[in-house]
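Read off the chains here:
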Amino acid sequence: MKVFKWSSYALLTLMVIAFFSACEKQNVLPGSDAFEAKSKFTKTEITQLSTPVQLLTDQNFQRGFKVLHPSTGAVQGNLQYTSANGAPVWNLAQWYSAASIYGATPSTLASGSYQYANSYKAITVGPTTSSDGHIIFAINGQSEFGGVYRTATAPFPHLLADLKIADPDGWLGTATPFIGAMDSLNFNIDTKLIYHARNQTTGYDPAIHAVQFSCTFLIQNLNPSNAGYGKAMYFLIMIYDDRYATPGPSVTTDMFSGQMIYNVGITPFSSTGLTVGQWKNISGNILPMIKNGLNQAWSQGILTDSQNYNDYKVSLFTMGLECPGLNIATIQAKNLSLIAK
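Residues numbered from 1 in each chain as written. Predicted model: local features only at pLDDT ≥ 70, side-chain atom pairs only at ≥ 80, totals over all residues. Heavy atoms only, no water.

Student: Before we go on, may I ask you to explain the sheet that holds strand S11 (residues 212–221) in this structure?
Tutor: Backbone hydrogen bonds are what pair the strands of a sheet, in a parallel or an antiparallel way. Pairing within the open sheet is mixed, and its nine strands lie in the order S3-S2-S4-S9-S16-S11-S12-S14-S13. In the strand order of this sheet, the two ends are held by strand S3 (75–79) and strand S13 (250–253), each with one partner. Neighbour-to-neighbour, the strand axes of this sheet turn through a mean angle of 25°, independent of strand direction. Pairing of S13 with strand S14 (residues 260–263), which is carried by four bridges, proceeds in the antiparallel orientation. (Pairing = 2+ DSSP bridges. Helix = DSSP H or I, 4+ residues; strand = E, 2+ residues; numbered from the N terminus. Axes fitted to C-alpha atoms, helices over the stretch in contact; angles between N-to-C directions.)

Structure, rendered in structure tokens:
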């Protein structure tokens with residue numbers, strides 16, 4: 001049987017498609033609470049969780065990252081402010097960046113955190129007592145593109161932290177609960193836009209030049225006895241898009257893989273978007289939204305090998321920046337949590 005392994009590379013197409021989907025008119029999701037689609041799901045088919053399960057580990061990034069090569073995705077080595085906390089479980093992906101951050105000499109900040117930087121990007125991590133914790137992403141599109149706007153089909157840089165959760169090679173493995181075993185899935189993250197400059201000049205096209213910060217969950221069929229084993233959809237929370245004051249929802253389909261991208265934007269959690277210098281809490285039960293996404297996929301003839309919540313898990317979590325324009329942006333995140341009950 002084929003084993004399906006997912007990494008940051010599996011999300012590369014997603015990030016490209018998600019960017020262009022956000023360029024479309026934002027509207028109400030067909031998979032809203034009012035949307036209904038029949039499925040074969042019944043709670044009696046699988047044991048419900050008896051105790052809450054935290055699906056994320058090293059939520060403060062105290063163990064650092066395995067750094068992936070910008071083009072090949074191969075692990076180059078570790079980025080850690082200390083090795084005393086153990087080996088990294090998170091990957092740091094930097095797709096299509098002009099140069100890798102691996103090997104950068106860290107600067108010690110007054111806060112006690114450590115900043116790893118080159119001309120194109122920066123990552124800041126450090127002790128949980130630091131005011132700059134738990135993680136700060138920064139990306140410089142102006143340097144990445146040399147001040148010249150990319151064309152619509154040209155690749156663009158990403159700076160992403162991703163964590164494999166479920167089997168066959170995730171940190172939680174087979175202990176990861178199926179969607180059907182959950183009564184709720186509570187997500188929390190606090191984010192702050194520290195800095196943003198669009199650097200708009202001749203050639204700017206809002207359809208292809210922007211900066212975005214998102215959290216993405218891979219919802220994957222992980223029932224080995226099911227014909228749909230390995231197939232997946234993406235559930236995405238778009239926290240920041242510099243073209244929209246409040247990023248709204250959209251639903252698109254990856255034309256290459258057929259996988260659906262169910263983007264709820266930020267509106268289920270807040271009526272306003274990020275403001276420079278202010279913390280924004282994104283918190284809530286995302287289980288109904290994920291189920292709506294699956295229902296929407298099934299209604300569109302996607303993932304129809306199984307229309308049963310009990311066959312699906314959250315197998316991968318990714319968050320970070322993508323920058324198709326000349327933007328310079330810095331975003332901080334903390335208090336990350338994903339608890340299944």
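Student: What should I look at first to understand the pattern of salt bridges in this one?
Tutor: Note that side chains of opposite charge can pair when their charged atoms are close. As enumerated under the stated definition, the model contains five salt bridges in all. For Asp167, the salt bridge identified is with Lys313, shortest N-O distance 3.0 Å. Placement of Asp167 in the loop between strand S9 (158–164) and strand S10 (185–197) and of Lys313 in strand S16 (residues 312–322) is noted, with a sequence separation of 146 residues between them. Residue Arg243 pairs with Asp241 through a salt bridge whose shortest N-O separation is 2.7 Å. (Salt bridge = Lys/Arg side-chain N within 4 Å of Asp/Glu carboxyl O.)

Student: Even after reading the chapter, I still don't get the packing of aromatic side chains, so can you show me in this structure?
Tutor: A ring pair, where both rings are aromatic, is described by two values, the distance of the centres and the angle of the planes. The tally for this structure, following the rule as stated, stands at 13 aromatic pairs. Ring centres of Trp90 and Phe317 lie 6.2 Å apart, and the angle between their planes is 80°; this geometry places the pair in the edge-to-face category. Taken together, the residues span a long stretch of sequence, with Trp90 in strand S4 (residues 90–93) and Phe317 in strand S16 at a distance of 227 residues. Judged on exposure class, the residue Trp90 and its partner Phe317 are both buried. These aromatic residues form a ring-pair network of at least three members: Phe61, Phe65, Trp90, Phe187, Phe217, Phe235, Tyr262 and Phe317. In this structure, Lys334 is placed above the aromatic ring of Trp279, and the distance from its NZ or CZ to the ring centre is 4.3 Å. (Phe/Tyr/Trp six-rings, centres within 6.5 Å; stacked < 30°, edge-to-face > 60°. Buried < 20%, exposed > 50% of the residue type's maximum accessible area, 1.4 Å probe, protein only. Lys NZ or Arg CZ within 6 Å of the ring centre and 35° of its normal.)

Student: I tried to follow the side chain of His209 on my own but got confused; where do I start?
Tutor: Along the chain, His209 turns up in the loop between S10 and S11. At 2.9 Å, the side chain of His209 forms a polar contact with the backbone oxygen of Arg150. (Polar contact = N/O pair within 3.5 Å; in protein donor to acceptor, adjacent residues only side chain to side chain.)

Student: Just to check I follow, could you spell out unusual backbone geometry for this structure?
Tutor: Note: most peptide bonds trans; most residues except glycine with negative phi. That bond from Asp167 to Pro168 is cis: its omega, 15°, falls within 30 degrees of zero. With respect to the helices and strands, the residue Pro168 is situated in the loop between S9 and S10. The phi dihedral of Asp58 falls on the positive side, at around 45°, and the residue is not glycine. Residue placement: Asp58 occurs in the loop between strand S1 (53–54) and strand S2 (65–68). Here Asp58 falls in the buried class, since its relative accessible area comes to 13%. At Asn335, a residue that is not glycine, the phi angle is positive and equals roughly 55°. Along the polypeptide, Asn335 turns up in strand S17 (residues 328–340).

Student: Please clarify how the nonpolar core should be interpreted in this entry.
Tutor: Soluble globular proteins tend to pack their nonpolar side chains together in the buried interior. Residues Phe187, Phe217, Phe235, Ile286 and Met319 are the most contacted members of the largest nonpolar core, which totals 68 residues. Sequence-distant contacts of Phe235, that is, excluding residues within four places in its chain, are made with Cys215, Thr216, Phe217, Ile219, Tyr262, Val264, Ile286, Met289 and Ile290. (Core = buried A, V, L, I, M, F, W, Y, C linked by side-chain atoms within 4.5 Å. Contact = heavy atoms within 4.5 Å.)

Student: How should I be thinking about the pairing of strand S8 (residues 135–140) in this particular structure?
Tutor: For a regular strand, side chains alternate in direction, first toward one face of the sheet and then toward the other. Counting buried residues along S8, six of its six residues qualify, which places the element largely inside the surrounding structure. Along S8, one buried face is formed by Ile135, Phe137 and Ile139 and the opposite face, lined by Ile136, Ala138 and Asn140, is buried too. Where strand S7 (residues 121–125) lies against S8, four bridges are found, and the strand directions are antiparallel. Within S8, the position partnered with Lys121 by the bridge is Ile139. Pairing geometry for S8 and S17, over six bridges, is antiparallel. The partner of Ile139 across the bridge, within S17, is Ala329.

Spatial relationships are all this shows, so hold off on functional conclusions.
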